[in-house]
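# Inside the fold
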Amino acid sequence: MLLNVNGINKTYHSGDVDFQALYDINLDIEKGEFTALCGPSGSGKTTLLNIIGCLDSADSGELVLDGISLTDKTSDELADLRRDYFGFIFQTYNLIPVLTVYENVELPLKLLKKHSPDETSTMVFETLKKVGLEGLDKRRPLELSGGQQQRVSIARALVKNPKMVLADEPTANLDTKTGETIVDLMKDMNEKEGVTFVFSTHDSLIMDHAKKTINLRDGKIAN
Amino acid sequence: MNNNLLLAVRNLLRYKRRTILTFLVLSFGVAMYVFQISFLKGFTDKSLENMINFETGHAKIRSLTYDDNEPYAVKNIITNSSVIKSVLKKKKYVKGYTERLMFIGELDNSTDSVPCIAVGIDIKTDKNVFSLTQFISKGSIKTNGAVIGYKLAEDLKVGVGDSLYLTFRTEAGMIDSVSLEITGLINSSDPKANTSNIYMNIDIARKILRTNGVTDIAFKVADYMEIDSYIMALKKSLAGYSFWSWKKLGDHMLALSKSKSMGNYFFVIFLTIIAVVGVINTMLMSVFEKKKEIGTLKALGMRDKDIKRIFLIEGSLIGGLGSLIGIIAGSLITWYFVENGLDLVSMMGDIGKNVGFRVMGVVKARWSPSSIVMAFVMSILVTTLASFYPAKKAVKLDASECLRTIQ
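Residue numbers restart at each chain and count upward from 1, following the sequence in its written direction. To read the labels, note that chains go from A and ligands from 1, taken in the order they are written. The predicted origin of the model limits local features to residues at a pLDDT of at least 70 and limits the giving and counting of side-chain atom pairs to 80 or more, whereas totals for whole chains, interfaces and linings rest on all residues.

Moving on, we come to the overall build of chain B. Only DSSP runs of H or I reaching four residues or more are called helices, and only runs of E reaching two or more are called strands; each is numbered from the N terminus. Secondary structure summary: chain B contains 16 helices and 12 strands in total. Over its C-alpha atoms chain B spans a radius of gyration of 31 Å, topping by over 25% the 22 Å that the globule rule assigns to 407 residues. Each principal axis of the C-alpha distribution contributes one length, and for chain B these read about 100 × 50 × 30 Å. Atoms considered for the radius of gyration are the C-alpha atoms alone. The globule rule reads 2.2 Å times the number of residues to the power 0.38.

Structure representation (C-alpha cells):
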C-alpha cells in the first residue's frame, strides 16, 4: 500500500460562510496504480489531490503515506515529503517562466541534492527524450505550445522517479487530440516505468484510460 | 548556479523596467551621498590645512595664563621663549618651530578703518612651520613694512608701496599708532590671511609693542595625528607653559564639520526611506505576481527558508547593484571635483568664509574610501532588511491557495 486515506474531512471558511469540500473520504492507492478522480467542478477533486500531495491539510482524518502518518508534520517535513515522494502536474502547467525547459526539469533534482551535476544532466535529457522534447531544452516555457508545456510539466514530475505523480486536470487546458497524447504519455510511463499516477479529470474521454476510477460528488465518494 | 540565486537573478531580469527604476532611486541616493561626503571632506580637510599652515602649526606653546577668551591680552606674552626653543631643538620629532607675536589692532587708510589681527613673524623660521611666505603674490615681506591679504588691500583700496596706519595697545596698555608701508600682498587659500591679518617682521612688532616677548611658539612634528602624545612628552620639559594642539585649536571646525555631516545624514536617511519603500513595494509586487510560482516551488518541495532566501537575495542584489551604480556615478562626479575643484570665489564670492569653513578660492573634493565602503555595505544591508517583510509574506502563503491563483 502506497497511500491510505482514512476519514478525511475538509471545510473551507470564507468570512461567515463555511463550505465543506470533503466528507469522510476513505481510499487506498496501491503502487503502480493509474487512478482517475472524477467528478464535476466543485466536487472536491483538487482539494483531495492537494491533501494527498501534502499541499493542504485535512480538518480531521488521517493520511498514511508509505507507512508514514502525515498527521502533525511540520512545514519543513511536509516540504521534504513533497520533494521525496511526489511529482505534480498542474492544469495550467505551472512552469517557472524565468527558467528554461532544462532548468525547469532540473529543479526537482537540484532540490533533492542526491545527484552529481553529470547524473542530473543525464537524467534531465533522458526524461526530456521520453516526453518527446529533445532539442527544446534551451527554450523558455512561453516559447512552447500548451501541449509542449504540459510535457515539460510531466518531465519535471517524472525526472526524480517519484513514488506517486499527482496530476490535477492535466488535459483541461489542451485540445482533445493533445489531451489524449498527454494521457497516453502518462499511461506509457505508468506501464513501462511503474509510476503511480493519480489524476483528476471531468473529461469522460480521459476517464476511459484510467485503470481505476474514483467518482466524487459534492465532496463524497460516489462509487 | 545555486537555485535561489538563479531564481533571484532571473526574477530581477524579468521586470527590467521596474528593477531599473528601483536601482535608479538607490543609485541616486548613493551617488549624492558619495559626492556630498567627498565635498564635505574637501572643505573640512582644506579648512584644517589652512588653519595649520597659516595660523597654528601642529601645536602652539603659550603662556600658562593664556586665556582663550582674551587671546591677545598682554598677560599672554612669553618673555623667555629661548628656553622653549632650546627644548624643541633637542626633540627629534619636532620638525620645525617658529615664534609669533600676535596682537589686535585697527588698520586705517585715512578714510576707512577696519579691525585686524597683527602678526609679527620670524622671517627666517616662519617657513619651517607655516606656508604664508609662499603666498606673497606681490612684493615680499621685508624687515620694514608689512604685508596684508589682497582682499583686505582691496577693501582698504591700497596696494604695494602705499601706507596704512596701525593702531594698537602697547604691552604697557598705552594706545599707539604707527604708519606701515605695504611691501607685499598675500593671495592664499586661507580667508583669514587674505582678509583680516597684517603680517610684519617680529622685530617691528616687538618694537612697536615695546616688548621682548612673543605670544606663541608654533611647531610641527613628524606625525601630526600623534600630536597629543608628543605634547605629553614635551610637557615634562616645559611644565610652565600651556600647549594647544591643532585638534584643540580646530575643535570648532571639527564640530562644524560634524554638524554638516549630521545634516548630510538626515539627507541620506531621507533617501534611505525612499529606497526602502521602493524596495518593499517592488518586492511585495514581486511576491503578489509570483504567487503561483511560489506555490509551485512549495509543491516541488522547496523549504520555506529557501523561498525566503530567494526574496532576500533579490533585495540584496537590488542593494548591491544599485549602490554599485551609485558609487560609480558618485565617484565620477567626485573625480571631476577632486581634479578641478569648485571655484568658490568666482561662483559666490567669499562663501567659504560665510559658511563657516576656512576656505577660499578653489576647493577640491577629497576621496573618502571608508564612506564609499559604508554606502555599499549599508545599501545591501538596508535593502536586504527591507526584503524581510515581503519574503516573510511569501513564506506565509498557503501552497494550495497559491496554486489556485489565476495569473
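What follows covers the domain arrangement of chain B. As assigned here, chain B comprises domain 1 (3-51 + 253-404) and domain 2 (65-239). Source of the domain bounds: an automatic or database domain assignment. If you average the C-alpha positions of domain 1 of chain B and of domain 2 of chain B, the two centres end up 48 Å apart.

Attention shifts here to the interface of chain A and chain B. Taken together, the 20 residues of chain A in the interface contact 18 residues of chain B. Sorting the residues of the side of chain A that touches chain B by element identifies helix H2 (75-85) and helix H3 (101-112) of chain A as the ones contributing at least two each. With 6 residues, H2 of chain A is the largest single contributor of residues to the side of chain A that touches chain B. Its residues assigned to classes, the side of chain A that touches chain B shows 10 nonpolar, 4 polar and 6 charged. Throughout, a pair of residues is in contact if the C-beta atoms placed from their backbones lie within 7 Å. When residues are grouped by polarity, Ala, Val, Leu, Ile, Met, Phe, Trp, Tyr, Cys and Pro land in nonpolar, Asp, Glu, Lys and Arg in charged, and all others, Gly among them, in polar.

Before going further, it helps to spend a moment on the sheet that holds strand E6 (residues 86-89) of chain A. Residues and elements named next belong to chain A. Think of it this way: DSSP has to see at least two bridges between two strands before they count as a pair. Read across the sheet, 6 strands follow the order E6-E7-E8-E3-E9-E10 without closing on themselves; strand pairing throughout is mixed. Two strands in the sheet have a free side with no partner beyond their single neighbour: E6 and strand E10 (220-221). Throughout, an axis means a line fitted to C-alpha atoms (over the contacting stretch in the case of helices), and angles, computed between N-to-C directions, take values from 0 to 180 degrees. Its contacts with the sheet place helix H1 (residues 45-52) against strand E3 (34-38), strand E7 (164-168), strand E8 (196-201) and strand E9 (212-217), and it is angled at close to 155° to E8.

To continue, consider the packing of helix H2 (residues 16-56) of chain B against helix H9 (residues 251-289) of chain B. Residue and element names in this part refer to chain B. One way to put it is that H2 packs onto H9 with a least axis distance of 10 Å and a crossing angle of 175°. On the basis of their axis angle, the class for H2 and H9 is roughly antiparallel. For the contact of H2 with H9, a count of residues per class yields 14 nonpolar, 11 polar and 2 charged. An angle counts as roughly parallel when it lies under 35 degrees, as roughly antiparallel when it exceeds 145, as roughly perpendicular when it falls between 65 and 115, and as oblique in every other case.

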